[in-house]
Amino acid sequence: MTSQLFSPLPLRSGHILGNRIAKAAMEENMAGDGQVPGEELFTLYRRWADGGAGLLITGNVMVHAEALTGPAGVVLDENAPLEPFAEWAKAGKSGGGAIWMQINHPGRQVASDMPGVVWGPTDIPVDLGRHSSRFGRPTAMTARQIEETVARYAVTARRAEQAGFDGVEVHAAHGYLLSQFLSPLVNKRTDRWGGSLENRARMLLDIVRAVRAAVSPSSAVAVKLNSADFQRGGFDAGDARQVIEMLEPLGVDLVELSGGSYESPAMTGRPADARTQAREAYFLDLARDLAETSPLPLMLTGGITRRATAEEVLDSGVAVIGMGTALAVTPDLPDRWRERREADRQIRRVNWSDKALASAAGMALVRYQMRRLARGGSPRPGTHPAIALISERRKQRKALRSYRTWLSQPRSAA
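J.: Just to check I follow, could you spell out the overall build of the protein chain for this structure?
T.: Each helix and strand counted, the protein chain has 13 helices and 13 strands in total. Its C-alpha radius of gyration of 19 Å places the protein chain within 12% of the 22 Å reference for a compact globule of 414 residues. A principal-axis box enclosing the C-alpha atoms of the protein chain has dimensions of 55 × 45 × 45 Å. Of all 414 residues assigned to the protein chain, the portion counted as buried reaches 61%.

Have a look at this one:
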């Protein structure tokens, strides 16, 4: 019997995904000189393209050159050259699947040693206890800064389509800027962007409208949304249900569900409030409930590593399953599933008691595997997380020097 996993999915834009398996976004931190994609990213995405997924979603691409999630982040704004992005899109489509660019603004989740700006809906900083000094102190965005940021998303989306990407995904999860505006714990504004959920969702909705208007009708537009923030009093599943309903009239093709933030890293299976400790499909219960009423197709990401789990997710009413870590270790996992085979190795789980440090080490361990793939090598999932974290911090120090130099130089429109 043919699995639903390998059936096509037509989207409202007319775009058709070849199957229901997506490589979810993972922050690669592999920008070349000038904060653009280079050979490492091209090689990495060719490997994933050859692995059989119907859709590849890039790691978050920054819409604002002065606001990066990390010093080796990729930037696509009005000044960036398009040629490297066209090569990236070509690499991602080389296996016959689609590639979407995830576009993002970090808001207040910017390291304290980074140049540029640290913005948020208010000046409430990231609270990581003894690690809080890792992040800069945010300033509340002005109305003009909000409107300019909306315009930046539209510019990035338009240029992504020009470069050959099949669509874009607006990142409104994991505690980044749009997730901050949605959160009642972070967004304490008293103007039209704060207070009620309708107001807190205004920036996201304005961006989606601007993006949809900036790209052709046949280009896919998706949104990544937290199913919940996993913080007491934060954005919850009821809020997510309402936001999905708000997105439906705006021409959105797909909503990807995840969860958590740096303050509550549920996306790594370690939420602050301990309401989900599942080893696989972390957010399946919430997604199942949301799928019952969602007017849009849903994609679920978080902890999916086995075909049986993926089938369970699809049986719950979710349309697409997203995998990140599993594909960093086994890039051909979709093709293996098609042949009724599973991955022969799993990444080492980080069980440190310090959740913030464990989350950072876990993400560093995943990026360690991606860098090996990008150099044409094989993953080493048994690598000690401390080694991966130390290696990453060394690379970040070098990248930070390069980013500071680049940001200080004048740039002209491409």
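Back to the text.
J.: Quick question: what am I supposed to make of the layout of surface pockets here?
T.: Gaps left between atoms are located by rolling a probe of water-molecule size over the structure's atoms. Taken as a whole, the second largest pocket holds about 610 Å³ of empty space. Around the second largest pocket sit 26 residues that line it, and Ala 111, Arg 134, Glu 392, Arg 393 and Gln 396 are the ones nearest its centre. Among the secondary structure elements, those contributing two or more residues to the lining of the second largest pocket are helix 12 (355–374) and helix 13 (385–408). Looking at the lining of the second largest pocket element by element, the count peaks at six residues for helix 13. In terms of residue class, the lining of the second largest pocket is built from 12 nonpolar, seven polar and seven charged.

J.: I would appreciate a short explanation of the packing of aromatic side chains in the present structure.
T.: Think of a pair of aromatic rings as described by two things: how far the centres are apart, and how the planes are tilted against each other in angle. Tallied over the entire structure, the rule returns five aromatic pairs. Look at Tyr 45 and Trp 48: their rings are 5.0 Å apart centre to centre, the planes differ by 85°, and that puts the pair in the edge-to-face class. Residue Tyr 45 and its partner Trp 48 are located together in helix 1 (residues 39–49), separated by three residues, close to a single helical turn. A relative accessible area of 2% places Trp 48 in the buried class. Joined through ring pairs, the aromatic side chains of Tyr 45, Trp 48, Phe 85, Trp 88 and Phe 165 make up one cluster. Between the NZ or CZ atom of Lys 23 and the centre of the ring of Trp 48, over which it lies, the distance is 4.6 Å. Directly above the ring of Trp 193 sits Arg 192, whose terminal nitrogen or CZ lies 4.9 Å from the centroid.

J.: What is the right way to look at the pairing of strand 10 (residues 220–226) in this model?
T.: Two faces belong to every sheet, and in a regular strand the side chains alternate between them. Among the seven residues in strand 10, seven count as buried, and that is most of the element. A two-sided burial pattern is seen for strand 10, the buried positions comprising Ala 220, Ala 222, Lys 224 and Asn 226 on one face and Val 221, Val 223 and Leu 225 on the other. Strand direction decides the pairing type here: strand 9 (residues 167–172) and strand 10, joined by six bridges, are parallel. In the sheet register, Val 168 faces strand 10, and the bridge partner there is Val 221.

J.: Can you help me understand helix 7 (residues 237–247) in this one?
T.: Think of an α-helix as turning once every 3.6 residues; residues three or four places apart then point the same way. Those residues of helix 7 lying buried are Ala 237, Asp 239, Ala 240, Val 243, Ile 244, Met 246 and Leu 247. Seen along its axis, helix 7 keeps its buried residues to an arc of 165°; they face one direction. Its side-chain oxygen 3.1 Å from the backbone nitrogen of Gly 238, Asp 236 forms the N-cap of helix 7.

J.: Looking at this structure, I do not really get the environment of Arg 189. What am I missing?
T.: Among the structural elements, Arg 189 can be located in the loop between helix 4 (177–182) and helix 5 (197–200). Exposure remark for Arg 189: the relative accessible area of 12% places this residue in the buried category. Beyond its immediate stretch of four places on either side in the chain, Arg 189 contacts Pro 121, Thr 122, Met 141, Ile 146, Phe 181, Gly 194 and Gly 195. Within polar-contact distance, the side chain of Arg 189 engages the backbone oxygen of Pro 121 at 2.9 Å. Polar contacts involving the side chain of Arg 189 include one to the main-chain carbonyl oxygen of Met 141, which spans 2.8 Å.

J.: Please explain unusual backbone geometry as it appears in this structure.
T.: Glycine aside, the phi torsion of most residues is negative, and most peptide linkages are trans. The phi dihedral of Asn 29 falls on the positive side, at around 55°, and the residue is not glycine. You can call Asn 29 buried: its relative accessible area is 15%.

J.: Is there a simple way to think about the nonpolar core in this case?
T.: Soluble globular proteins: nonpolar side chains tend toward being buried together. Within the largest apolar cluster, 92 residues are counted, with the highest numbers of intra-cluster contacts made by Phe 85, Met 203, Leu 204, Leu 247, Ile 321 and Trp 337. Sequence-distant contacts of Ile 321, that is, excluding residues within four places in its chain, are made with Leu 5, Arg 20, Ile 21, Ala 22, Leu 300, Ile 304, Ala 310, Val 313, Leu 314 and Trp 337. Counting 16 residues, the second-largest nonpolar core is a separate cluster that includes Leu 17, Ala 22, Ile 57 and Ala 98.

J.: Whenever I open this one, the side chain of Glu 28 confuses me. Can you help?
T.: In this fold, Glu 28 is placed in the loop between strand 3 (21–23) and helix 1. Here Glu 28 occupies a buried position and makes no salt bridge, while the nearest side chain of opposite charge, Lys 23, is found at 4.5 Å. Contact partners of Glu 28, with chain neighbours within four places excluded, come to Lys 23, Leu 41, Leu 44, Tyr 45, Thr 58, Gly 59, Trp 88, Arg 367 and Met 370.

J.: I tried to follow the side chain of His 171 on my own but got confused; where do I start?
T.: The topology assignment puts His 171 in strand 9. At 3.2 Å, the side chain of His 171 forms a polar contact with the backbone nitrogen of Ala 173. When sequence neighbours within four positions are dropped, the list of residues in contact with His 171 reads Asn 60, Gln 102, Ile 103, Asn 104, Tyr 176, Leu 178 and Lys 224.

J.: Where do I start with the pairing of strand 9 in this structure?
T.: Extensive coverage of strand 9 is indicated by the burial of six of its six residues. Here strand 9 shows a buried face lined by Gly 167, Glu 169 and His 171 and a second buried face lined by Val 168, Val 170 and Ala 172.

J.: Where do I start with helix 12 in this structure?
T.: Over its 20 residues, helix 12 runs 28 Å from end to end, which matches the ideal 28 Å to within 8%, given 1.5 Å per residue. Of all the 20 residues making up helix 12, 17 are buried; the element is thus mostly covered by neighbouring parts of the structure. Taking the backbone nitrogen of Ala 356 as reference, a side-chain oxygen 3.2 Å away marks Asp 354 as the first, capping residue of helix 12. Within two residues after helix 12, Gly 376 carries a phi angle of roughly 85°, on the positive side.

Calculation rules
- Residues numbered from 1 in each chain as written.
- Predicted model: local features only at pLDDT ≥ 70, side-chain atom pairs only at ≥ 80, totals over all residues.
- Heavy atoms only, no water.
- Helix = DSSP H or I, 4+ residues; strand = E, 2+ residues; numbered from the N terminus.
- Rg over C-alpha atoms; globule rule 2.2 N^0.38 Å.
- Buried < 20%, exposed > 50% of the residue type's maximum accessible area, 1.4 Å probe, protein only.
- 1 Å grid on protein atoms, 1.4 Å probe; cavity = no way out; pocket = protein on both sides within 12 Å on 5 of 7 lines; lining within 4 Å.
- Points joined across faces, edges and corners; volume = space filled by probe spheres on them.
- Nonpolar A, V, L, I, M, F, W, Y, C, P; charged D, E, K, R; others polar.
- Phe/Tyr/Trp six-rings, centres within 6.5 Å; stacked < 30°, edge-to-face > 60°.
- Lys NZ or Arg CZ within 6 Å of the ring centre and 35° of its normal.
- Pairing = 2+ DSSP bridges.
- Arc of directions from axis to C-beta.
- Polar contact = N/O pair within 3.5 Å; in protein donor to acceptor, adjacent residues only side chain to side chain.
- Contact = heavy atoms within 4.5 Å.
- Core = buried A, V, L, I, M, F, W, Y, C linked by side-chain atoms within 4.5 Å.
- Lys, Arg positive; Asp, Glu negative; His and termini not counted.
- Salt bridge = Lys/Arg side-chain N within 4 Å of Asp/Glu carboxyl O.
- Expected span 1.5 Å × (residues − 1).

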